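Per-entry structural report
Listed below are the residues making up each chain.
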Amino acid sequence: KAKSRGLSQYGFYQPEMAEATAKKTRMEQMLRQALEKNELLLHYQPQICAQTQALVGAEVLVRWQPAGQPMVSPAQFIPLAEETGLIIPIGEWIFRRACEQYVKWRAQGMRDILLSVNVSPHQIEEADFVERFVAIIEETGIDASRVVLEITESLAIQEGEDAIRKLKTLKQRGLQVSMDDFGTGYSSLGVLKLYQVDSLKIAREFIRDLTDDHEQRTIVNAILAMAASMKLKVIAEGVETKEQFDHLRLQGCDWIQGFYFSKPLSAEDFARFAGGGRLFVIA
Ligand code: C2E
Ligand code: MG
Ligand code: MG
Ligand code: MG
């Protein structure tokens, strides 16, 4: 056991590892061409007000459908994109495309919900991150105050001051910042303050066992109480059942996202969802 673990450090002694490396290389080559081949698309998951059940926002979730291959999950290709630097052009495409879609929806009569976009730490690290995002906002004409950047806790450790400064600049332009997957990483109350986040998203891990695990319930209730006292909005993600929804609503959670209300939808299906089953009609 100890010996094989020692060898595997070098990577090339184990056939499974060689195979995994080859697969990764193939996937990387495919991902390099994904943008020009038009294989990426965006889905939008509704975010619902817990109290009124009104639609309040959409989270943008990227999808990759390579020609003649099964769909690849972002949980697989986003880490690869980050490792290879491809997240920079891909992330920029995602942001531009989502803003364009939002502006189109508004022109069709959708009301001004929030548009949440996941942003990788690697994007924020780029020297011209702020300029690129501001340019996209100006070019698409989206109302900046409707844009929410979802950041992750890992950012808090890796990119202290530089990221804080950049996000602050974007916040001055009207954008909002949300801490994604809250509770799974290392962030503290101090980090939420430092990054001046407007909202936090309780990680799915805590929601999953919410109604039958006493400990999870204690954690979720504590997060909700803390957020309320800091005047932060809270979104629960991965809400799948009425029991979870009821518990969160009664504990004062602001917004809900999860299969209980809707899976992530194509742009067209999202518009239909927002219009209560109908596509909007321009008045
Ligand atoms: P995330 O940002 O935490 O996104 C939430 C994930 O939970 C999405 O998975 C969504 O489809 C899934 N989900 C939502 N409601 C439910 C539910 O009720 N039950 C279950 N089981 N799952 C639910 P998805 O789309 O596979 O994305 C996975 C992760 O990939 C995202 O986690 C995010 O970290 C990353 N990702 C997705 N799109 C982008 C993107 O455009 N840019 C970047 N940088 N990362 C992205
Ligand atoms: Mg997210
Ligand atoms: Mg999340
Ligand atoms: Mg995540």
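Residues numbered from 1 in each chain as written. Chains lettered and ligands numbered in written order. Predicted model: local features only at pLDDT ≥ 70, side-chain atom pairs only at ≥ 80, totals over all residues. Heavy atoms only, no water.

Taking an unreviewed UniProt entry as the reference, the chain is identified by name as Diguanylate cyclase (GGDEF)-like protein belonging to Paenibacillus methanolicus.

**Examining the coordination of the magnesium ion (ligand 2)**
Spelled out, the test is: Only nitrogen, oxygen and sulfur atoms within 2.8 Å of the metal, or 3.2 Å for Na, K and Ca, are treated as donors, and water is left out, so sites may look incomplete. Only DSSP runs of H or I reaching four residues or more are called helices, and only runs of E reaching two or more are called strands; each is numbered from the N terminus. Here the term buried applies to any residue with accessible area under 20% of the maximum for its type, exposed to any over 50%, and partly exposed to those in between, with areas from a 1.4 Å probe on protein chains only.
Distances from the magnesium ion (ligand 2) to its protein donors, namely Glu59 (OE), Asn118 (OD1), Glu150 (OE) and Asp180 (OD), fall within the range 2.0 to 2.2 Å. The metal-metal distance between the magnesium ion (ligand 2) and the magnesium ion (ligand 3) is 3.9 Å, with Asp180 coordinating both. Placement of the pair is Glu150 in strand 4 (residues 147–151) and Asp180 in strand 5 (residues 176–182), with a sequence separation of 30 residues. The class for Asp180 is buried, based on a relative accessible area of 6%.

**Looking at the pairing of strand 4**
Spelled out, the test is: By definition, two strands form a pair when at least two bridges between them are found by DSSP.
Burial within strand 4 is extensive, with 5 of its 5 residues counted as buried. Bridge analysis of strand 4 against strand 5 gives 4 bridges, and the strand direction is parallel. Directly across from Leu149, in strand 5, lies its bridge partner Val177.

**Quick notes on the side chain of His43**
Rules: A contact between two residues is defined here by any heavy atoms of the two lying within 4.5 Å.
With respect to the element layout, His43 can be found in strand 1 (residues 40–49). Residues contacting His43, with those up to four places away along its chain left out, are Glu59, Val60, Leu61, Arg63, Pro264, Leu265 and Ser266.

**Quick look at the site of ligand 1**
Which entries qualify depends on this criterion: Nearness is judged by heavy atoms alone; a residue qualifies as near a molecule or strand once a single heavy atom is within 4 Å of it. By the criterion applied in these results, polar contacts are pairs of N or O atoms within 3.5 Å in which, for protein atoms, one can donate a hydrogen and the other can accept it, and in which residues neighboring in sequence qualify only through two side-chain atoms. To be clear on the numbers: accessible area is Shrake-Rupley with a 1.4 Å probe, and residue cover counts the displayed protein chains and nothing else.
Taken together, 20 residues are adjacent to ligand 1, and Arg63, Asp180, Arg204, Glu240 and Phe259 come closest. In this structure, an oxygen atom belonging to ligand 1 sits 2.9 Å away from a side-chain N or O atom of Asn118. Glu240 is positioned with one of its side-chain polar atoms (N or O) 2.5 Å from a nitrogen atom of ligand 1. Coverage of ligand 1 by the protein chains reaches 83% of its 800 Å² of free accessible surface. Looking at the shell around ligand 1, the elements that each hand over two or more residues are strand 2 (55–64), helix 3 (74–84) and strand 5.

**Comments concerning the packing of aromatic side chains**
When we look at a pair of aromatic rings, we describe it by the centre distance and by the angle of the planes. We apply this condition: What counts as a ring pair is set by centres within 6.5 Å for rings of Phe, Tyr and Trp (its six-membered ring), and what kind of pair is set by the plane angle: stacked under 30 degrees, edge-to-face over 60, tilted for all other angles. By definition, being over a ring means that NZ of Lys or CZ of Arg is both within 6 Å of the ring centre and within 35 degrees of the ring normal.
Scanning all chains against the criterion turns up 9 aromatic pairs. Ring geometry for Tyr44 versus Trp105: centroids 4.8 Å apart, planes at 70 degrees, classification edge-to-face. In this pair, Tyr44 is assigned in strand 1 and Trp105 in helix 4 (residues 87–107), connecting sequence segments 61 residues apart. We note that Tyr44, like Trp105, is buried. Grouping aromatic residues by their ring pairs yields a cluster made of Tyr44, Trp105 and Phe270. Stacked on the ring of Phe245, the Lys or Arg Arg249 has its end atom at 5.3 Å from the ring centre.

**Brief notes about the packing of helix 6 (residues 129–140) against helix 8 (residues 160–172)**
Rule in force here: To define axes, lines are fitted to C-alpha atoms, for helices over the stretch in contact only, and angles between the resulting N-to-C directions are given on a 0 to 180 degree scale. Each angle receives one of four descriptions, namely roughly parallel if under 35 degrees, roughly antiparallel if over 145, roughly perpendicular if within 65 to 115, and oblique otherwise. Two helices that cross are described as forming a left-handed crossing if the nearer one is turned anticlockwise from the farther one by less than a right angle, and a right-handed crossing if clockwise. Residue classes follow a fixed rule: Ala, Val, Leu, Ile, Met, Phe, Trp, Tyr, Cys and Pro count as nonpolar, while Asp, Glu, Lys and Arg count as charged, and any other residue, Gly among them, counts as polar.
The contact between helix 6 and helix 8 brings their axes to 10 Å, and the two run at 20 degrees. Between helix 6 and helix 8, the crossing angle belongs to the class labelled roughly parallel. Helix 6 and helix 8 meet at a crossing whose hand is right-handed. Here helix 6 contributes Phe129, Val130, Phe133 and Val134 to the contact with helix 8, which in turn contributes Lys166, Thr169 and Leu170. When the residues that make up the contact of helix 6 with helix 8 are grouped by side-chain class, the tally is 5 nonpolar, 1 polar and 1 charged.

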